[in-house]
Amino acid sequence: MKPAEETTERIVEGIAVGPGIAIGPAYLYARAGFEVEDRRIASEDMEEEVARFEQAVARSERDFRKIATVAREKLGESSAGIFEAQALMLRDVAFYEAVIQHIRRDRMGADYAAHAVLRRHRRLLEAGESAYFRERANDMLDLEHRVVRHLRRGKILAAVEDGSIVVAENLSAADIILFSQRAILGTVLDHGGATSHVSLMARALGLPAIVGTHGVTEQVAPGDMLALDGLAGRVAIRPSEDTLAQYRERQRRYRRWREAQKKVVSLPSQTQDGRSVRLAANLEFMEELEMVEEYGAEGVGLFRTEVLFLMRQRVSLSEEEQFKAYRRIVEAVSPRPVTFRLLDFGGDKMLPLGHREHNPFLGWRGVRVLLDKPDMLAPQLRAIVRASRFGPLRILLPMVTELREVHAFRGLLASVCDDLSAEGAAYDSDIPVGIMVEVPSVAIRAARFAREVDFFSIGTNDLTQYTLAVDRGNDLVADKYQELDPAVLHLVRDTVEGARAAGIEVSVCGELAARPTATPVLLGLGVDELSASPVYLPEVKRVLRAIRMAEAQTLADRALQAADAAEVASLVEAWLRDRDCDAASMLETF
Ligand code: PEP
Ligand code: MG
């Protein structure tokens, strides 16, 4: 008889990273399945050991090139870049030469030498606080596993049965690409966060996935039935019949919802009384470019350029590399406009300068860094301005708090344009320059700032944290992080009023723009554009199309007077119910 715990259902929560519902048997993948011991060799075996290492490197190189080819076919060029970089790392002197030196000088076995070198690199990276460096450490581990397994002539990837859900402590981005060649249904990982490579890959591959389940590998036995909810971030292990029926129903609803979405995509984003509101896409990856068309976005309202840097595994990209990327984006989205937000490093996003701050969200972040580091700003600005020749684009400054910053930026932009003119480069000489409104000092004086810029984009993610003094990433105070707090809404209203006076447009590009339950309030407050991850746009559009502006304005007035965010939420929910569009909140209740 099986122990009782193996027959009872368990529900484990994690971070939802790949939307969709999957039901199938577990395939338990043990990645860290070997120990590397301190093995020494005799001097007469030394050259043979070097040759074995060379062979393992060549084989690993072939692996990475193959994975890069699959990634390129399935996901596009920038994803392939990660694996090309891993292949290059194998020949990097800091690895290749160092291992050979350990073999020759210290008589280390090749596997131990590779382990020792990579462990040193890994520790350095793991010591950093940023998720970026931890991700790089994970890539190093992948490299080590590959080389060591080839040295031992082991199989790199065990056979996964089609139709299974891969459960593992962690997967590398390479693993998930290879698994995707078999028809796996989804993945559940103990480690990882929303922005880990493996999460991004899962999402781009369309695989339902959850990560950060802490210990799920200990609770799942090979072949156990799993019901995985990549929307709610939950997995049912050995689900009961009732649970299974619920997940199947959710799966049906999700598929229906995806079908229904397709119909909305081609409809105009217009209220009942004919007000057009632009729905734009927030993008972070090249792979998402196709989604602009697929989800009917009218341009890119926010391209977070710092993520491009993180994906390339480098803290700096040359002007030429950036130019190529920006040009590709602009060409793909044209004639619709692309809003490039300049590098927003600092806060919770790694700052490629290896310095630490006690209070990074109130520290050296966004435009503050850019203005202090012309070597970082100038190549980006030149690349963007040069790309303007290939389609309409706008420039957006992150984390502005003072007018002085806008003035300083304008000066730098003018000199970049002068240099490009002197070099004979063609560019749009009238690129709109806007600022993120994500700090109260800007919202409060919106009318003054509006005279100096071409548009506003309200970043409610940061505006909420800076208005309510609640760290957006701190789960101890997560219940206090309320984007619909009337104080935040007052600042949205002030921003819109300031913009109106100067005749400029206001977009909202924080997560609030993705929430159908915020749509009538934001419209009622007068915003001109909502920019969100493309997948949320059809649902927002469905609500938007049910709205009459005068009614939305009355709702917004009541929201401004509400006692708190909870009251705002219940006001909006009742309002949507009265108009039969509360079903539109399906995405949230899913
Ligand atoms: C915001 O703060 O709302 C925003 C869109 O910027 P980010 O989430 O990148 O800080
Ligand atoms: Mg922000």
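Residues numbered from 1 in each chain as written. Chains lettered and ligands numbered in written order. Predicted model: local features only at pLDDT ≥ 70, side-chain atom pairs only at ≥ 80, totals over all residues. Heavy atoms only, no water.

Let's talk about unusual backbone geometry
For residues that are not glycine, phi is negative in most cases, and the peptide bond is trans in most cases. In this model, S334 is joined to P335 through a cis peptide bond whose omega is 10 degrees. Structurally, P335 can be placed in the loop between α13 (319-333) and β11 (338-341). Positive phi is not limited to glycine here, since M399 has a value of about 55 degrees. You can call M399 buried: its relative accessible area is 2%. (Helix = DSSP H or I, 4+ residues; strand = E, 2+ residues; numbered from the N terminus. Buried < 20%, exposed > 50% of the residue type's maximum accessible area, 1.4 Å probe, protein only.)

Quick notes on the sheet that holds strand β5 (residues 186-189)
One open sheet accounts for 8 strands, arranged β1-β8-β7-β3-β4-β5-β6-β2; its pairing is mixed. Here the strands that pair on one side only, and so sit at the sheet edges, are β1 (10-13) and β2 (15-18). Neighbouring strand axes in the sheet, compared pairwise and without regard to direction, differ in orientation by 30 degrees on average. Both β1 and strand β8 (residues 234-237) contribute to a ladder of 4 bridges, which runs antiparallel. Considered in β8, the bridge of V12 is made with V235. (Pairing = 2+ DSSP bridges. Axes fitted to C-alpha atoms, helices over the stretch in contact; angles between N-to-C directions.)

A short note on the site of ligand 1
Around ligand 1 sit 14 residues, and of these R304, R341, G459, N461 and R472 come closest. A distance of 3.4 Å is found between an oxygen atom of ligand 1 and a backbone nitrogen or oxygen belonging to G459. Within the contact set of ligand 1, an oxygen atom lies 3.0 Å away from a side-chain nitrogen or oxygen of D462. Relative to its unbound accessible area of 290 Å², ligand 1 is 99% covered by the protein chains. Residue contributions to the shell around ligand 1 peak at 3 residues, all from helix α19 (residues 460-468). Looking at the shell around ligand 1 residue by residue, the classes come out as 3 nonpolar, 4 polar and 7 charged. (Near = heavy atom within 4 Å. Polar contact = N/O pair within 3.5 Å; in protein donor to acceptor, adjacent residues only side chain to side chain. Areas by Shrake-Rupley, 256 points an atom, 1.4 Å probe, with all protein chains shown as cover. Nonpolar A, V, L, I, M, F, W, Y, C, P; charged D, E, K, R; others polar.)

Examining the pattern of salt bridges
Counted under the stated rule, the structure contains 39 salt bridges. The shortest N-O distance in the salt bridge between R252 and E249 comes to 3.3 Å. Within this pair, R252 and its partner E249 are both found in helix α10 (residues 241-265), separated by 3 residues, close to a single helical turn. Classification of E249 by relative accessible area gives partly exposed; the value is 32%. One salt bridge in this structure joins D375 and K373, with 3.7 Å as the shortest N-O distance. Residue K373 is classed as buried on the basis of its relative accessible area of 19%. The network of salt bridges with shared partners includes E306, R341, D344, R365 and D462. (Salt bridge = Lys/Arg side-chain N within 4 Å of Asp/Glu carboxyl O.)

Points about the pairing of β5
Residues G186 and V188 of β5 are buried on one face, and the alternating residues T187 and L189, pointing to the opposite face, are buried as well. As defined by bridge partners, strand β4 (residues 165-168) adjoins β5 across 4 bridges and the pair is classed as parallel. Opposite V166, over in β5, you have T187 as the bridge partner. Note on the crossover from β4 through helix α7 (residues 173-179) to β5: the handedness is right-handed. Of the strand pairs in this sheet, β5 and strand β6 (residues 209-211) are connected by 2 bridges, and their pairing is parallel. Bridging across to β6, T187 finds its partner in A209. (Right-handed = clockwise from strand over helix to strand, strands pointing away.)

What about the domain arrangement of the chain?
Split into domains, the chain comes out as domain 1 (10-31 + 158-256) and domain 2 (43-151). Taken over C-alpha atoms, the centre of domain 1 sits 28 Å from the centre of domain 2. Every contact between the two is made by 18 residues of domain 1 and, on the other side, 17 residues of domain 2. In total, about 1,500 Å² of surface goes out of reach between domain 1 and domain 2, with carbon and sulfur atoms giving 59% of it. Between domain 1 and domain 2 we count 1 salt bridge in total. Taken together, domain 1 and domain 2 are joined by 0 residue pairs in polar contact (both at pLDDT 80 or more). The leading source of residues in the side of domain 1 that touches domain 2 is α7, at 5 residues. Of the residues assigned to the side of domain 1 that touches domain 2, the class counts are 10 nonpolar, 6 polar and 2 charged. (Domains from an automatic or database assignment. Contact = heavy atoms within 4.5 Å. Buried area = accessible area lost by both parts, 1.4 Å probe.)

A closer look at the sheet that holds strand β15 (residues 505-508)
If you walk around this closed barrel you meet the 8 strands as β9-β10-β11-β12-β13-β14-β15-β16, and the pairing is parallel. The mean angle between the axes of side-by-side strands here comes to 25 degrees, regardless of whether they run parallel or antiparallel. Here β15 runs beside strand β16 (residues 529-532); their pairing, made up of 2 bridges, is parallel. Of the residues in β16, the one forming a bridge with V508 is L530. Sheet contacts for helix α15 (residues 374-387): β11 and β12 (393-397); angle to β12, the most-contacted strand, approximately 155 degrees.

Considerations on the packing of aromatic side chains
Tallying each qualifying case throughout the model produces 7 aromatic pairs. Ring geometry for Y27 against F179: centres 6.5 Å apart, planes inclined by 65 degrees, an arrangement best described as edge-to-face. Of this pair, Y27 sits in strand β3 (residues 21-29) while F179 sits in helix α7; the two residues are 152 residues apart in sequence, bridging distant segments of the chain. Take Y27 and F179: they sit in the same class, and that class is buried. Judged by centre distance (5.6 Å) and plane angle (35 degrees), the rings of F53 and Y96 are tilted. Note that F53 is positioned in helix α2 (residues 46-75) and Y96 in helix α4 (residues 96-106), a separation of 43 residues in sequence. The same class applies to F53 and to Y96, which are both buried. Three or more aromatic residues link up through ring pairs in this structure, and these residues are Y27, Y29 and F179. If you follow R146 out to its NZ or CZ, it ends over the ring of F64, 5.2 Å from the centre. Positioned above the aromatic ring of W575 is the side chain of R579, whose terminal nitrogen or guanidinium carbon lies 3.9 Å from the ring centre. (Phe/Tyr/Trp six-rings, centres within 6.5 Å; stacked < 30°, edge-to-face > 60°. Lys NZ or Arg CZ within 6 Å of the ring centre and 35° of its normal.)

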